[in-house]
Amino acid sequence: MSNPDTSKSVELEFSKKYNRDHAQQYASKHSETLSRRLSNWREQRIARSSLKLAGNPKSVLDLPCGAGRFLPLLAEQPNRKIYAADYSEDMLEVVKQACDEALVQHVELFQSSAFDIQLPDNSVDCIFSMRLMHHIGNPENRAQMLKEFYRVSADTVCVSLWVDGNRQAKRRQKLEKKRQAIDPDKYNQNRFVIRGEQIEQEFMDAGFNLLGSFDFLPYISMWRIYVLKK
Ligand SMILES: C[S@@+](CC[C@H](N)C(=O)[O-])C[C@H]1O[C@@H](n2cnc3c(N)ncnc32)[C@H](O)[C@@H]1O
């Protein structure tokens, strides 16, 4: 493990919300209703495709792992070394309770910020980062996180986020404007749609090449997974 470098630390307001209650709610969220189960199924499918495009990496860091939703998928490849980390200690506790015991034993689980990953340089083949980047509105913070991904991954990164150019993003942007107009003082945006062209430039600025991308539902959904190569 590397020594934490406090100069790298970025503290996001949203990161503090994953306390015990929220972590437990998150664990059941994706199986609560038929539409959420369908959505989880589709997300897992495109996540599997992204790992395939990344060359079915032999070692993967799931960051943030949340409640361990993607661990069974990551374990589909025999002999894959799996690391899973999250900023929230409570989330890590939920992984231990909610996931299959044999699976958890196979995973190296640890607390870490995505801005200051507690692993040495080039220590995994792939960083697999689902549902974190859309919380990061400031391009400087995204650059810091991508720099850390570049340092720790030896080869590829699979990263999901919200992009523009689809129906859901248009609706979301309207909703944010409305919320801001209703109560500008209390308005506190913690999820962001990013322009596709802009994020692709940010990936390249961080030193990555773009291998490809997978849309959850092209032209309709704003979720996209990018596969990046060092
Ligand atoms: C929306 S959940 C996504 C979890 C998982 N990837 C999934 O899709 O089920 C966001 C997660 O990001 C974690 N998180 C928040 N800030 C973080 C940070 N700076 N570094 C690493 N993880 C963070 C939270 O604790 C939470 O588990």
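Just so we're clear, the structure is a prediction, and the values are computed from it rather than from any experiment. Along each chain, the written sequence defines residue order, and numbers are assigned to residues from 1. In keeping with the model being predicted, local features are shown solely for residues with a pLDDT of at least 70 and side-chain atom pairs are shown and tallied solely at 80 or more, while totals for entire chains, interfaces and linings include all residues. Side-chain numbers come from the whole structure's heavy atoms, not from hydrogens or water.

Student: What should I look at first to understand the site of the ligand in this one?
Tutor: As a matter of local geometry, the ligand sits amid 19 residues, with Ser15, Pro64, Arg69, Asp86 and Ala114 nearest to it. Measuring from an oxygen atom of the ligand, one finds a side-chain N or O atom of Asp86 at 2.5 Å. A distance of 2.8 Å is found between a nitrogen atom of the ligand and a backbone nitrogen or oxygen belonging to Met130. When grouped by side-chain class, the residues that make up the shell around the ligand number 11 nonpolar, five polar and three charged. Throughout this document, a residue counts as near a molecule or strand when at least one of its heavy atoms sits within 4 Å of that molecule or strand. Polar contact is the term for a pair of N or O atoms within 3.5 Å; when the atoms are in protein, one must be able to donate a hydrogen and the other to accept it, and sequence-neighboring residues count only if both atoms are side-chain atoms. Three classes are used, and their members are as follows: Ala, Val, Leu, Ile, Met, Phe, Trp, Tyr, Cys and Pro are nonpolar, Asp, Glu, Lys and Arg are charged, and the others, Gly among them, are polar.

Student: Looking at this structure, how should I read the pairing of strand E4 (residues 124–129)?
Tutor: Two faces belong to every sheet, and in a regular strand the side chains alternate between them. Classification of residues uses two cut-offs on accessible area relative to the type maximum, computed with a 1.4 Å probe and protein chains only: under 20% is buried, over 50% is exposed, and between them is partly exposed. Every helix listed is a DSSP run of H or I at least four residues long, and every strand listed is a run of E at least two residues long, numbered separately from the N terminus. Burial of E4 is extensive: five of the six residues sit out of reach of the surface. Of the strand pairs in this sheet, E4 and strand E5 (residues 153–162) are connected by five bridges, and their pairing is parallel. Residue pairing across strands places Val124 opposite Ser153, the latter belonging to E5. Handedness of the E4-helix H6 (residues 139–152)-E5 crossover: right-handed. Note on pairing: DSSP must find at least two bridges between two strands before they are called paired. We call a crossover right-handed when, viewed with the strands running away from us, the connection from the first strand over the helix to the second turns clockwise.

Student: Just to check I follow, could you spell out the packing of aromatic side chains for this structure?
Tutor: Working definition: an aromatic ring pair is given by the centre-to-centre distance plus the angle between the planes. Here the aromatic set is Phe, Tyr and Trp, taking the six-membered ring for Trp, and pairing holds for ring centres within 6.5 Å; pairs whose planes are under 30 degrees apart are stacked, those over 60 apart are edge-to-face, and all others are tilted. On inspection of all chains with the given rule, the structure shows six aromatic pairs. Note on Tyr150 and Phe208: the rings are 5.2 Å apart at their centroids and 70° apart in plane angle, and the pair reads as edge-to-face. Residue Tyr150 is located in helix H6, and its partner Phe208 is located in the loop between helix H8 (196–205) and strand E6 (209–215); the two are separated by 58 residues in the primary sequence. Classification of Tyr150 as partly exposed rests on a relative accessible area of 31%. When its relative accessible area of 1% is taken as the criterion, Phe208 is described as buried. With a centroid separation of 5.1 Å and 70° between ring planes, the pair formed by Phe203 and Tyr226 is classed as edge-to-face. You can see Phe203 sitting in helix H8 and its partner Tyr226 sitting in strand E7 (residues 223–229), a full 23 residues away along the chain.

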